[in-house]
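What follows is the residue order along each chain.
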Amino acid sequence: MTKIAAVAAAVVAVALPAVPAAADTAPDERPDVPVGTWLAARTQAAVQLTSFTYTGTVAVPTSTINETAFNGLTQQAVEAVQAGKISSDERSIAKWLFQRIAADVDTYLTETTPERTVEAEVGGLCTGWWVTPDGYMVTGAHCVQVGETELSRLFAQQALAKFNEQDAKEIISGLQGIEADEEILKLAQQIYVTFNTGHMKIRNLQQSLSVLQSLPGGGVDKTAKATPAELVSVGESYPGKDFALLKVNGQQNLPTVPLGDDADVRTGDTLYISGFPGLVTNTPFFSLESKLEPALTEGPYNAKRTTQTGVPYIQTQAPSYHGNSGGPVFSKDGKVIGMLIAGTVSEGGEASESESFVLPVSIVKEKLGEKNVKPAQAITTTRYNEALNDYFRNYFEDALPKFREVQALFPNHPYVAKYISETQAAISAGKDESPRPVLMWVLIGAGALVVLVLAVVLVKLLGRRRRRSAAATPPPYGSIPQPPWQQHQLPASQAHVSPPVQPYGHNGSNYGYGPQPQHGQAGQPYLGDQTRDVRYGQFTPPPDGRFSPPQDRRPS
C-alpha cells in the first residue's frame, strides 16, 4: 500500500463512523410521543363532519272539540267531584279534564278546516371518514336516513311548535274565569302536540346528504358550503349492520385512514374514537371555525357483544356522544378496527360516557366488498405520515419538503399549512435535529480525502521543483567544480577536450544514435547521471567545433 492509499484509508476510517444511525429507524415506526398525539395527527384530516337533510311541506288540519264527547267528560268530572275524587275548585276540575283529553285526543278532538302548512327542514350531523382518495366515505346507516316514525317526530318537533302553541292558547281561553298556570299550559300544549303530530302530513319530501369539508387551516367559515354526497349503499340501523357508503364526486388525493382487522384488538386494549360530538357542533359558545376539528377520546375494550340477530358489536368505555356516530375507532397502531354506532342513553335522553358500541371492521370490509370498493391510500397520506414522523422527531428540515409536497397534492388539506408554518419557525429557531444522509457523509469524507491527497501531491511537487531549481542554478563564478574527467590523471594532449554533449529528443533518443551508453567509450569517460543535465544546456561544445557523437556500441 502506497503512502497516499494509506492516508486515504485513514480518512475513510475516521469519516464513516460519524454517520448518524437514522437509517436504523423504520419510516413507519411511531416517534416518541403519546399514542393519542401521534394518532390524532395522522387521522384528523380523513375524519369529516357529515349531514343529512330532509325538506318538505308540513300540513296539519285545524282541530275542534267533539262536543258530544266533551259533554260526557264534563259529566264524569261532576261525578268525580261529588265522589270526592277531585277538588271542587275550577282549577282542579280543568286540570282533570286536560289530563283526560291528552290521554285520548282523537276521542275529544276532530279535524276541520282550514289546513295549515309550513315549509320545514330537519336533519342531523354525524361523522364519516375517507376510505379511498377519490371520495368514498364510510359512516353509519342511521346517519344517512331515518325511519318514518322518527322522521315524523323530527318534523313535528321542528315545524309544529308554532301551531301547538297557538292551539293551546285557544283551548285555555275557553276556561272562563280560570287563570292558566304553568301546569295547565303544559297540559294544554301536550294535547295539541299529540293531536297535530298524529294528523300531520309531509308532502314533497326530499333528502340530501353532504360532507362539510374543512378549509385549509382547519375549520370552516361562513362562506363554506357543504359538498353533496351520493348514497351508494346502506344497511340496517342499530342493532343491525349500521353501515352506509357515500361517494363525493370530483375528488382526488384525499387523505385516508387504513383498515385493520378484528384480531388487532382484544379485551383490555385501549381504543380511540374520533368524531364530532354534538355538544360542540350544536353549541353557540364555540366559534364556527373551530367546530370542524374532530375530538379524540380513548377507553378500554370492555367486551365483545352479539345482538339477537347475530350482529357483533364491541363494547368500550371510550366516551362518545351524539354526533360521534359513524366515526372511526382506532387501535394504538393507527388502524381502523371499527365504527362508533351507539351508546347508552339515560331516561332523560343524555348519553352515557361509560358504554359505547362499535361495529367491528370486519362488517365494514364486508359491506365495502359488496360494492367492490377497495380501501386505498394516496401518496398524500404516505407523505403526510412520513412528514409527521419527521416532525415529531424534530427532523424539521426533512419534514418541510414532504409537507410542501402534500400541500401541492391536496391544496385543501386542513392541517398541512399549520405544520409548514410551525416547521419553518422551528428551523429558524435552530431546533432542527435532522440527520445527514449517509451519502452526504460519504461525500464529505471523500471530499476530505481528495483535499488531503491533493495536499500531499502538491507538497511533493513543490519539493521536487525546489530540487530541480537548485540543480539548474549555475554556481557563482570561480566556484565551478571540476568535471569528472578532470578529476583523473589524463594525458596532456587530452586535458583540453570538453565532455561530449548529448542533446536528447523528446523520446529520450540520441538523435537516432540510440541510448546513452552506460559504460565508458574509448577516450570518453563515463558521465553517469550527469548526462541528464546535458538536456538543460549546462555544457556547450568546445569553441573549436571538435565534436563527434559517440559510437553506438550496442551488444552484437
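Quick note: structure is the one above.
Okay, so let's go over this structure. (Residues numbered from 1 in each chain as written. Predicted model: local features only at pLDDT ≥ 70, side-chain atom pairs only at ≥ 80, totals over all residues. Heavy atoms only, no water.)

Here glutamine 315 is to be found in strand E9 (residues 312-316). Dropping the residues within four chain positions of it, glutamine 315 is found in contact with Pro300, Tyr301, Asn302, Ala303, Arg305, Glu355, Ser356 and Phe357. (Helix = DSSP H or I, 4+ residues; strand = E, 2+ residues; numbered from the N terminus. Contact = heavy atoms within 4.5 Å.)

The next point concerns the packing of aromatic side chains. Under the counting rule described, the total for this entry stands at 10 aromatic pairs. Ring geometry for phenylalanine 52 against tyrosine 54: centres 6.1 Å apart, planes inclined by 75°, an arrangement best described as edge-to-face. Aromatic rings pair up to connect Tyr384, Tyr391, Phe392, Phe396, Phe403 and Tyr419 into one cluster. The ring of phenylalanine 163 has arginine 116 sitting right over it, with the charged end atom 4.9 Å from the ring centre. (Phe/Tyr/Trp six-rings, centres within 6.5 Å; stacked < 30°, edge-to-face > 60°. Lys NZ or Arg CZ within 6 Å of the ring centre and 35° of its normal.)

Let us now look at the environment of isoleucine 172. As for its position among the elements, isoleucine 172 is in helix H7 (residues 161-173). Excluding residues within four positions of it along the chain, isoleucine 172 makes contact with Phe98, Ala180, Ile184, Leu185 and Ala188.

As paired elements, strand E2 (residues 109-130) and strand E3 (residues 136-139) share 2 bridges and run antiparallel to each other. By the bridge assignment for E3, tryptophan 130 is matched with methionine 137. Taking the residues between adjacent antiparallel strands as the criterion, E2 and E3 are bridged by 5 residues, where glycine 135 takes a positive phi near 110°. By the bridge criterion, 4 bridges tie E3 to strand E6 (residues 244-247) in an arrangement that is antiparallel. Opposite valine 138, over in E6, you have leucine 245 as the bridge partner. (Pairing = 2+ DSSP bridges.)

Here the focus is the packing of H7 against helix H8 (residues 182-199). In contact at an axis separation of 8 Å, H7 and H8 are set at 125° when each is read in the N-to-C sense. The angle between H7 and H8 falls in the class oblique. For the pair H7 and H8, the crossing hand works out as right-handed. Taking contact as the criterion, the partners of Phe163, Asn164, Glu165, Asp167, Ala168, Ile171 and Ile172 in H7 are, on H8, Ile184, Leu185, Ala188, Gln189, Ile191, Tyr192, Val193 and Asn196. (Axes fitted to C-alpha atoms, helices over the stretch in contact; angles between N-to-C directions. Parallel < 35°, antiparallel > 145°, perpendicular 65-115°, else oblique. Left-handed = near helix turned anticlockwise from the far one by under 90°.)

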